[in-house]
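# Structural description and commentary
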Amino acid sequence: MRPLKHFALAAALGSFAPALAGAQISAIKSPQPGQPATLSLDDALLLARQNNPLYLQTRTGERLAGAQLRSAYGALLPSSNASFSARYQQGGAQFIQGAQVSVGSDQRQSSYSLGLSYTLNGSTLMAPSAARAGREAAEADVVMSAELLRSTITQQYITSLQ
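First things first, this report covers the structure right here in the doc. (Residues numbered from 1 in each chain as written. Predicted model: local features only at pLDDT ≥ 70, side-chain atom pairs only at ≥ 80, totals over all residues. Heavy atoms only, no water.)

### With respect to the overall build of the chain
The criterion, for reference: Where helices and strands are cited, they refer to DSSP runs of H or I of at least four residues and of E of at least two residues respectively, numbered from the N terminus. In this scheme, a residue with accessible area under 20% of its type's maximum is buried, one over 50% is exposed, and one in between is partly exposed, where area comes from a 1.4 Å probe on protein chains only. For every accessible area listed, the method is Shrake-Rupley and the probe measures 1.4 Å; residues are considered covered only by the protein chains on display.
On a plain count of helices and strands, the chain comes out with four helices and four strands. Ordered by position in the sequence, the α and β elements of the chain form the string α-α-α-β-β-β-β-α. Going through the 162 residues of the chain one by one, you find that 20% of them count as buried. Summing over all exposed atoms, the chain offers an accessible surface of approximately 11800 Å²; the carbon and sulfur share of this is 58%.

Set out below in structure tokens:
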């Protein structure tokens, strides 16, 4: 557990450092001439949420879980297909290797096809429930990651003020 804590702290510092270096000028209050730039705790938290790779990865996991849930519901829909084809061959004389061959009258052909299929099995029926549970777990991960980030940044902010 200790190496993970150091990794999370390093990741939080990594997202906090660009703000201190002036890379995120929009979130830092504009200093008056002769005064140092200040960074409020709310600004630091905002910058950390925008730039922390672990937090952003967790948010991406939440979006992925939502897409998997929509896909699971989509698998419950029936599938359909349709096709149409038409063919026309003009009658008359054709030349094959220099010899004239008579072809009968004009030929017209057409065909169409409509299909509808619906397949259900146990895994298809259970997939939405499993995907919903995965989405809820991903949402809980985001809350946990946000709170861990808030705690880490707040602790670092208080330490920097001392």
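### Some details on the side chain of threonine 154
The line we're drawing: Here, two residues are considered to be in contact whenever any of their heavy atoms come within 4.5 Å of each other.
Along the chain, the position of threonine 154 falls in helix 4 (residues 122–161). Ignoring sequence-local partners within four residues, the contact set of threonine 154 consists of Leu41 and Leu45.

### A closer look at the packing of helix 2 (residues 41–51) against helix 3 (residues 53–74)
For clarity, the cut-off: Every angle, taken between N-to-C directions, lies between 0 and 180 degrees, and every axis is a line fitted to C-alpha atoms, over only the stretch in contact when it is a helix. When describing relative orientation, an angle under 35 degrees is termed roughly parallel and one over 145 degrees roughly antiparallel, while 65 to 115 degrees is termed roughly perpendicular and anything else oblique. When residues are grouped by polarity, Ala, Val, Leu, Ile, Met, Phe, Trp, Tyr, Cys and Pro land in nonpolar, Asp, Glu, Lys and Arg in charged, and all others, Gly among them, in polar.
One can describe the packing of helix 2 onto helix 3 by two numbers: an axis separation of 6 Å at closest approach and a directional angle of 60 degrees. As far as their axial angle goes, helix 3 and helix 2 are oblique. Where helix 2 abuts helix 3, its residues Arg49, Gln50 and Asn51 lie against Pro53, Tyr55 and Leu56. In the contact of helix 2 with helix 3, the residues fall into three nonpolar, two polar and one charged.

### Describing the environment of glutamine 90
Looking at the element boundaries, glutamine 90 is found in the loop between strand 1 (79–89) and strand 2 (92–96). For glutamine 90, a relative accessible area of 59% gives the class exposed. Distance in space between the C-alpha atoms of glutamine 90 and glutamine 107 is 6.4 Å, their sequence separation being 17 residues.

### Details of the environment of arginine 135
With respect to the secondary-structure elements, arginine 135 resides in helix 4. The class for arginine 135 is partly exposed, based on a relative accessible area of 27%. Note: C-alpha distance between arginine 135 and glycine 66 (69 residues apart in sequence) is 5.9 Å. Here arginine 135 is in contact with Ala65, Gly66 and Leu69, once residues within four sequence places are set aside.

### Points about the packing of helix 3 against helix 4
Our working definition: Handedness of a helix crossing follows the sense of rotation of the near helix relative to the far helix, less than a right angle counterclockwise being left-handed and clockwise being right-handed.
Interhelical geometry of helix 3 versus helix 4 gives an angle of 165 degrees and a closest axis separation of 8 Å. Considering the angle they form, helix 3 stands roughly antiparallel to helix 4. The chirality of how helix 3 crosses helix 4 is left-handed. Class assignment of the residues belonging to the contact of helix 3 with helix 4 gives a composition of 13 nonpolar, six polar and six charged.

### Quick word on a nonpolar patch on the surface
As a reminder of what qualifies: Patches here are clusters of residues that have more than 30% relative accessible area and form no salt bridge, with a 9 Å joining cutoff for like charges and a 5 Å cutoff for nonpolar side chains (Val, Leu, Ile, Met, Phe, Trp, Tyr). For this analysis, a salt bridge means a side-chain nitrogen from Lys or Arg found within 4 Å of a carboxyl oxygen belonging to Asp or Glu.
Taken together, Tyr118, Leu120, Leu125 and Met126 make up a surface patch of nonpolar side chains, about 430 Å² in accessible area. Tracing the backbone shows leucine 120 in the loop between strand 4 (107–117) and helix 4. Taking relative accessible area as the criterion, leucine 120 reaches 41% and is therefore assigned partly exposed.

### Here's the deal with the nonpolar core
Applicable threshold: Residues enter a nonpolar core if they are buried and are Ala, Val, Leu, Ile, Met, Phe, Trp, Tyr or Cys, with the set joined through side-chain atoms within 4.5 Å.
By size, the foremost hydrophobic cluster in this structure holds nine residues: Leu39, Ala44, Leu45, Leu47, Ala48, Tyr55, Val142, Leu149 and Ile153. Mapped by element, the contributors of at least two residues to this core are helix 2 and helix 4. Broken down by element, this core gets its largest block of residues, four residues, from helix 2. Every residue in contact with valine 142, bar those within four places of it in the chain, is listed here: Tyr55, Thr58, Arg59 and Glu62.

### Comments concerning the pairing of strand 3 (residues 99–103)
Quick reminder of the rule: DSSP bridges decide pairing: two strands pair if at least two such bridges lie between them.
Inspection of the sheet shows strand 2 paired to strand 3 by five bridges, in the antiparallel sense. Bridged to glycine 92 within strand 3 is valine 103. Counted along the chain from strand 2 to the antiparallel partner strand 3, the turn is two residues long, and its residue glutamine 97 has a positive phi close to 50 degrees.

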